[in-house]
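A look at the structure
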Amino acid sequence: MTSTPLHELVAHGQSPWVDYLSRPFVRDHELDRLVDTGVRGVTSNPTIFAGAIVEGDAYDDQLREVLRVETDPKEVFLALAVDDVRAACDALLPVFDAESRRDGWVSLEVDPRLAGDTDATTAETARLHRLVDRRNLMVKIPGTEAGLPAIEESVASGIPVNVTLLFSLERHQAAAEAYVRGLRRLHRDGGDLRAMASVASFFVSRVDTEADRRLDEVGGHDGLKGTLAVANARLAYQTYLKVFSGPRWAELADAGATPQWCLWASTSMKDPARPDVWYVEQLVGPDTVDTMPRRTAEAFADHGRVADLLVHDIDGARATMRAFAEAGVDYDDVVATLEREGVQKFGASFQELFDGIAAKRDHLLGISPS
C-alpha cells in the first residue's frame, strides 16, 4: 500500500472521512480504494443519493421490489439507503477502531425538515439507529436549538451521534455540553460508555463565503477576506480542549468515554484563486476529523501538506474575530444566518430527493403525471 498525505493525517491524529456515499461507490469498490489511500470514514449526502437513485439505474431492481410494499418517497429512500449505509459500515470495519473510536464510522442524517422538532428528531434518530443496526453508525442530528435536547437524549440512549450544521462557537459548546450530559445519564443508568462516540461537525468554507460577502457590502477590509472560517474553527478547537479536560471529564473518561471530536465539514475551497486543499491543511490537529468531498479527498491524497496548524496563533484567531467586529460584520448574525440557511438548504435537498424518487416511482409504476 502506497502512503499518501491522508495516511499522514491519520498519523497526526486526524481522521480523514469522505462526504460521499452511493451504491455504485460501495459496490464498485471505490470506497475500498479510498480507504487504501487513507480515508477512515464516510458521511452521507442527499444530493449524491439523489443523483444515483433518480438519475441512474443502480437502484432500479430494488426500487421495483420496494414499491410492492411501500410508496411513500421518504420510506422508499430509507429502504434503499439503509442497505448502502450497512454496506459502507461493513466495508469500514477493517479500520474501525473500537479503542479510540475515531475511525471507521458512517453517518446517516435525520431528515433536516424535523430540525425544529425535538421529539420528532429524537424518535427519528432512534429509528435510523435500529434500521441500520451497525455498531459503527453515527446518526446526524442538526445542532439547532431544538436539536440540543435530542442530542442529549440520543446519547443517553446509547446512540453515537454526529452533530451537524454547527457554525457558531456558542452552539458548538452547547452541543459538547449536551453530549457530556447524555454520557452522564448513560453512565448513571449502567450503559457502556466504551461503545459511544460523537463528532461535532463544524462547517468551515461557508463562514468565509458569508463573511466575505458582508465585507464587500461595507467596503474595504480586503485583507480580512478568507480569514474568519479558520479563526472560527481554531477557536472551536479551544472549546473542545476546555470541555473535555479537568476532573468533570476525567470521571467519564475513566469509565470509558471518548470526547466529542471536532469534525471539520465543508472544507472544499470555493475560491479558485486559492489552493484546493487549503482549508484541510490549515486545520490539521490531533483528535479531530475532516470530512471532505470526494474530489477534495483525492486532491489531498495527491498533494496535501501535513503540519499541525490547528493550534497555530490562537491569539491571532481572536484578533481576527475582533477585526471583523470592528469592520462592521456582526459575527452572531453571520452564524445565525448560516444555521438558518443551512437547515433550509439541507431540507430542500431532502425534498428534492424525495420528489425525484416520487417521479421515478410513478415512472416505474406507469403512473402518468397529473
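One can find the structure itself at the top, above this paragraph.
Let me sum up the structure you'll find in this document. Quick caveat, the model's predicted, so the values are computed rather than measured.

Concerning empty space enclosed by the protein
- Considering all chains together, one arrives at two cavities of 30 Å³ or more under this definition.
- When its volume is computed, the largest cavity comes out at roughly 50 Å³.
- Elements that contribute at least two residues to the lining of the largest cavity include exactly α6 (73-92), α7 (118-132) and α16 (331-365).
- Top contributing element to the lining of the largest cavity by residue count: α6, with three residues.
- Here the lining of the largest cavity is composed, by residue class, of six nonpolar, no polar and four charged.
- The space that makes up the second largest cavity amounts to roughly 30 Å³.
- In terms of lining residues, the second largest cavity is bounded by S44, N45, P46, F49, F77, L108, E109 and F350.

A closer look at the pattern of salt bridges
- Applying the stated criterion across every chain, the model contains 35 salt bridges.
- A salt bridge links E152 to R185; its shortest N-O distance comes to 3.3 Å. Residue E152 is found in helix α8 (residues 147-156), and its partner R185 is found in helix α9 (residues 169-188); the two are separated by 33 residues along the sequence.
- The exposure class assigned to R185 is partly exposed, which follows from its relative accessible area of 22%.
- Across the salt bridge formed by R361 and D362, the nearest N and O atoms sit 2.9 Å from each other. There is no split in this pair, since R361 and D362 are both buried.
- Put simply, K74, E75, D111, R113, E124 and R127 are held in one network by salt bridges that share partners.

Calculation notes
- Residues numbered from 1 in each chain as written.
- Predicted model: local features only at pLDDT ≥ 70, side-chain atom pairs only at ≥ 80, totals over all residues.
- Heavy atoms only, no water.
- 1 Å grid on protein atoms, 1.4 Å probe; cavity = no way out; pocket = protein on both sides within 12 Å on 5 of 7 lines; lining within 4 Å.
- Points joined across faces, edges and corners; volume = space filled by probe spheres on them.
- Helix = DSSP H or I, 4+ residues; strand = E, 2+ residues; numbered from the N terminus.
- Nonpolar A, V, L, I, M, F, W, Y, C, P; charged D, E, K, R; others polar.
- Salt bridge = Lys/Arg side-chain N within 4 Å of Asp/Glu carboxyl O.
- Buried < 20%, exposed > 50% of the residue type's maximum accessible area, 1.4 Å probe, protein only.

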